[in-house]
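Topology and contacts: notes
What follows is each chain in one-letter form.
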Amino acid sequence: MTLKFIAAPMALLATCALAWSEDAKPNDAQIAHIAYTAGQIDITAAQLALQKSKNKDVREFAEDMSRDHKAVNDQALALVKKLHVAPQNNDTSKALLKQANAKEAELKRLSGAAFDKAYIDNEVAYHKAVNNELENVLIPDATNAELKDFLSTGLKIFQGHEQHAESLAQSLK
Amino acid sequence: MRRTLTLSILLAVATCAAAAPDAAETVRINVDKLRFAPAEATVHVGDEIEWTNGDFVAHTATARDGAWDVALPVKGSGRIVAQQVGEIDYFCRVHPNMRGHISVKPK
Ligand SMILES: [Cu+2]
């Protein structure tokens with residue numbers, strides 16, 4: 001079960017990385033779209049957790065995710081506007097969304113402690129996968145210096161989330 | 001005359017310094033791009049420590065031992081007064097990769 005949760009985003013990541021290495025590198029408009037989509041996905045997951053969970057720590061974590069990812073995405077929108085870049089949908093964004101929808105359906109069927117554990121385990125795996133993508137694909141491939149710098153700050157924020165989720169996962173065991 | 005005046009001013013200054021419990025300093029720590037700067041600070045008992053958050057996300061400065069938990073809203077600040085001598089590790093609860101340390105020395 002746990003293995004499946006972790007394996008899925010990892011497999012997705014491998015697919016994305018592979019897809020990009022075969023095709024052209026993502027351009028800035030696609031990179032912005034991927035980063036924004038990844039944030040929206042985590043906000044949606046947080047909203048589900050706030051509907052379903054009664055665990056104080058899990059709810060606090062979900063509130064942090066919702067607030068932080070919204071702040072990052074607001075900032076991202078302001079930046080692309082300033083740079084006159086129109087975020088462009090792409091295969092990585094589509095794959096992320098497809099995967100997230102499947103995960104959401106799975107989480108919706110759970111409740112109580114089982115939900116809490118599955119949500120937090122997925123938050124660990126999801127942040128790991130997105131952080132890998134940021135660190136190894138999106139940041140190196142971004143050509144605009146401001147976008148690169150912004151994504152680097154985003155990565156630090158999400159690495160914080162990953163650590164937070166990890167310690168929460170430990171405490172839910 | 002002039003000498004008396006100077007002396008009395010000096011006395012007044014000396015009295016104030018001795019009497020004022022708030023001769024304490026404010027030590028400022030900036031939060032920028034998920035870093036406490038400086039990450040290591042040395043203060044004295046009675047000093048105020050003030051964190052100013054320049055980031056677009058909210059942070060906290062939370063003592064590892066649970067002694068204090070300061071909210072640092074976006075573009076806002078938070079403060080504590082160093083109460084006792086000690087070595088304090090702190091971090092941000094939302095982003096535990098943000099870490100800092102404060103050495104509190106005797107007054
Ligand atoms: Cu923080």
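Computed from a predicted model, the values in this text were never measured in an experiment.

Glancing now at the packing of helix α2 (residues 28–52) of chain A against helix α3 (residues 56–83) of chain A. Residue and element names in this part refer to chain A. Between α2 and α3, the least distance of the axes is 8 Å, while the angle of their chain directions is 155 degrees. Judged by the inter-axis angle, α2 sits roughly antiparallel to α3. For the pair α2 and α3, the crossing hand works out as left-handed. Contacts between α2 and α3 pair A32, A35, Y36, G39, Q40, D42, I43, A46, A49 and L50 from the former with R59, A62, E63, M65, S66, H69, K70, N73, L77 and V80 from the latter. Looking at the contact of α2 with α3, its residues break down into eleven nonpolar, five polar and four charged.

It is a general feature of regular strands that their side chains alternate between the two faces of the sheet. Residue and element names in this part refer to chain B. Of the pairings in the sheet, the one linking strand β1 (residues 26–32) to strand β4 (residues 48–53) comprises six bridges and is parallel in character. Within β4, the residue paired with T26 across the bridge is E48. Relative to strand β7 (residues 77–81), β4 runs antiparallel, the two sharing five bridges. Paired with E48 across the two strands is V81, which belongs to β7.

All names here are of chain B. For the copper ion, the full set of protein donor atoms is H59 (ND1), C92 (SG), H95 (ND1) and M98 (SD), at a range of 1.9 to 2.8 Å. Between the four donor atoms coordinating the copper ion, the angles at the centre fall across 84 to 133 degrees, so the site counts as irregular. Each donor residue of the copper ion belongs to the same chain, with the gaps between them written as H-x32-C-x2-H-x2-M. Residue H59 is located in strand β5 (residues 59–63), and its partner M98 is located in the loop between β8 (86–91) and β9 (99–105); the two are separated by 39 residues in the primary sequence. Take H59 and M98: they sit in the same class, and that class is buried.

The rules behind each value
Residues numbered from 1 in each chain as written. Chains lettered and ligands numbered in written order. Predicted model: local features only at pLDDT ≥ 70, side-chain atom pairs only at ≥ 80, totals over all residues. Heavy atoms only, no water. Axes fitted to C-alpha atoms, helices over the stretch in contact; angles between N-to-C directions. Helix = DSSP H or I, 4+ residues; strand = E, 2+ residues; numbered from the N terminus. Parallel < 35°, antiparallel > 145°, perpendicular 65-115°, else oblique. Left-handed = near helix turned anticlockwise from the far one by under 90°. Contact = heavy atoms within 4.5 Å. Nonpolar A, V, L, I, M, F, W, Y, C, P; charged D, E, K, R; others polar. Pairing = 2+ DSSP bridges. Donors = N, O, S within 2.8 Å, 3.2 Å for Na, K, Ca; no water. Tetrahedral: all angles 85-135°; square planar, octahedral: opposite > 155°, others 65-115°. Buried < 20%, exposed > 50% of the residue type's maximum accessible area, 1.4 Å probe, protein only.

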